[in-house]
Amino acid sequence: MEVQRSAEPDPGFLDGVRAAASRHDAVLVFDECTSGFRKNLGGLHLVHNVEPDVAVFGKTLGNGYAISAVIGRESVMQAAQNTFISSTFWTERIGPAAGLASLAAMRVEDAPARIDAIGLEIRRRWVELADSAGFPIQTLGLPALGSYLIGGLNPLAVKTFVTQEMLARGYLAGTATYASVAHSSEILDGYFDTLSPVFDTLAGIESDEALLAHLPNGTAHSGFQRLA
């Protein structure tokens, strides 16, 4: 299970899961491929003070390079001694080297705390911009992986419209952000200056039908559904 995705876990929820897993002698695995290193140095379970039996990390560990890590209690991890793993890339060292270098840079730059703060600033300015335009907005997710929904309108249509309008203005942007330490104040100011007229237009659209009229190519595809 993931520690957190769109919303924070309710108080006591993760502790309850931990207790249930222990009670039934089940292995509790936390998927930290998305949440790891986005708020703190390591897994988000450290913030919630709940220890899994196994935690899994992905490419954030290597700042985008192909690297994964599976860590856990010795009593559980020793089960790997009874398995056989073969790989064409057995001796490939770019991923592990990137992982070690990224961990060192994260410590020096205090990167997790910085992207958390940047994400909170983006969230605050989305709400401020929506209030100024005059429509309700809901923000979701970890601050460093924030997204937003606009009340009363189809989320996929809104995402498509925002992407379409921002592309026309030279920005590749949707309704979500992945915060980076490269997101300076100047970059954020330029983004929000460009997003402001897009939000103003959205404020005048009162229905999904009216929004679709602004999308000559229809809405974007969603998820992994097969195309008809």
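Counting restarts for each chain, with residues numbered from 1 along the sequence as it is written. Side-chain atom pairs in this predicted model are given and counted only at pLDDT of 80 or more, local residue features only at pLDDT of at least 70, and totals for whole chains, interfaces and linings cover all residues. Where side-chain values are given, they derive from all heavy atoms of the structure, hydrogens and water being excluded.

Draft legend 1. Broad picture of the overall build of the chain. Counting from the N terminus, the helices are DSSP H or I runs at least four residues long and the strands are E runs at least two residues long. What the chain contains, in helices and strands, is eight helices and five strands. Each helix (α) and strand (β) of the chain, taken in turn from the N terminus, gives the series α-β-α-β-β-α-α-α-β-β-α-α-α. Projected onto its principal axes, the C-alpha coordinates of the chain cover approximately 60 × 40 × 40 Å. Buried residues are those whose accessible area, probed at 1.4 Å on protein chains only, stays under 20% of the maximum for their type, while exposed residues exceed 50% and partly exposed ones sit between those limits. Relative to its 228 residues, the chain shows a buried fraction of 37%. Considering only residue pairs separated by 6 or more positions, the chain has 63% of its internal contacts joining residues 24 or more positions apart. We get accessible surface area from the Shrake-Rupley algorithm with a probe of 1.4 Å; when it comes to residues, only the shown protein chains can shield them. Accessible surface computed for the chain: about 13700 Å², of which carbon and sulfur atoms make up 55%. Counted as positive: Lys and Arg. Counted as negative: Asp and Glu, with His and the chain ends omitted from the count. Charge positions come from single atoms, namely NZ of Lys, CZ of Arg, CG of Asp or CD of Glu. Put simply, the chain has 16 plus and 25 minus side-chain charges, and the middle of one group is 6 Å from the middle of the other. Only heavy atoms enter the contact rule, under which two residues are in contact if any of them lie within 4.5 Å.

Draft legend 2. Expanded view of helix H7 (residues 185-203). One less than the number of residues in a helix, times 1.5 Å, gives the span that helix is expected to have. Between the first and last C-alpha of H7 there are 26 Å, a value that for 19 residues agrees with the 27 Å anticipated at 1.5 Å per step. Maximal helix bending in H7 amounts to about 30 degrees, located at Ser196; proline Pro197 follows within four positions. Within the sequence span of H7, burial applies to Leu188, Gly190, Tyr191, Phe192, Thr194, Leu195, Val198, Phe199 and Leu202. Structurally, H7 contributes buried residues whose contacts are with helix H5 (111-133), strand E4 (137-140), strand E5 (147-150), helix H6 (155-168) and helix H8 (208-212). Two axes enter the definition of the bend at a residue: one is fitted to the seven residues ending there, the other to the seven starting there, and the bend is the angle between them.

Draft legend 3. How the structure looks around the environment of Pro52. By the secondary structure assignment, Pro52 is in the loop between helix H2 (45-48) and strand E2 (54-57). In this structure Pro52 comes out as buried when scored by relative accessible area, which is 7%. Sequence spacing of Pro52 and Glu165 is 113 residues, and the spatial spacing of their C-alpha atoms is 43 Å. For Pro52, the residues in contact, after removing those within four places along its chain, are Arg18, Leu28, Phe30, His45 and Arg73.

Draft legend 4. A look at the pattern of salt bridges. One speaks of a salt bridge when a side-chain nitrogen belonging to Lys or Arg is within 4 Å of a carboxyl oxygen belonging to Asp or Glu. Tallied over the entire structure, the rule returns nine salt bridges. Note that Asp53 and Arg73 form a salt bridge whose closest N and O atoms lie 2.8 Å from each other. Here the residue Asp53 occupies a position in the loop between H2 and E2, and Arg73 occupies one in the loop between strand E3 (69-72) and helix H3 (74-77), the gap between them amounting to 20 residues. A residue is classified by how much of its surface remains accessible, and Asp53, at 8% relative accessible area, is buried. Between Arg124 and Glu121 there is a salt bridge, with the nearest N and O atoms lying 2.8 Å from each other. With Arg124 and Glu121 both in helix H5, this residue pair falls three residues apart, about one helical turn. On the accessibility criterion, Arg124 (40% relative accessible area) is partly exposed. Sharing partners across several salt bridges, the network here consists of Arg18, Asp53 and Arg73.

Draft legend 5. Representation of the packing of aromatic side chains in the model. Ring pairs shown here join Phe, Tyr and Trp side chains whose ring centres sit within 6.5 Å, with only the six-membered ring taken for Trp; geometry is labelled stacked below 30 degrees between planes, edge-to-face above 60, and tilted in between. Within the structure shown, the criterion is met by six aromatic pairs. Judged by centre distance (4.7 Å) and plane angle (65 degrees), the rings of Trp126 and Tyr148 are edge-to-face. Taken together, the residues span a long stretch of sequence, with Trp126 in helix H5 and Tyr148 in strand E5 at a distance of 22 residues. Seen in terms of ring centroids, Tyr171 and Tyr191 are 6.5 Å apart; in terms of plane orientation they differ by 55 degrees. Their pairing is tilted. One end of the pair, Tyr171, is in the loop between H6 and H7; the other, Tyr191, is in helix H7, and 20 residues separate them in sequence. What links up through ring pairs into an aromatic cluster is the set Trp126, Phe135, Tyr148 and Phe199.

Draft legend 6. Highlighting the side chain of Asn40. Mapped onto the fold, Asn40 is located in the loop between strand E1 (29-31) and H2. For Asn40, a relative accessible area of 14% gives the class buried. Excluding residues that lie within four positions of it along the chain, Asn40 makes contacts with Leu46, Val47 and Pro112.

Draft legend 7. Molecular detail of the packing of H5 against H7. Every axis in this analysis is a line fitted to C-alpha atoms, fitted for helices over the stretch in contact. Angles between the N-to-C directions lie between 0 and 180 degrees. Between H5 and H7, whose axes approach to 9 Å, the crossing angle comes to 35 degrees. The chirality of how H5 crosses H7 is right-handed. Residues Ile118, Glu121, Ile122, Arg125, Trp126, Leu129, Ala130 and Ala133 of H5 lie in contact with H7, whose contacting residues are Leu188, Asp189, Tyr191, Phe192, Leu195, Ser196, Phe199, Asp200 and Ala203. The classification used treats Ala, Val, Leu, Ile, Met, Phe, Trp, Tyr, Cys and Pro as nonpolar, Asp, Glu, Lys and Arg as charged, and all other residues, Gly among them, as polar. Classifying every residue of the contact of H5 with H7 gives twelve nonpolar, one polar and four charged. What makes a crossing left-handed is the near helix being turned counterclockwise from the far one by less than a right angle; a clockwise turn instead makes it right-handed.

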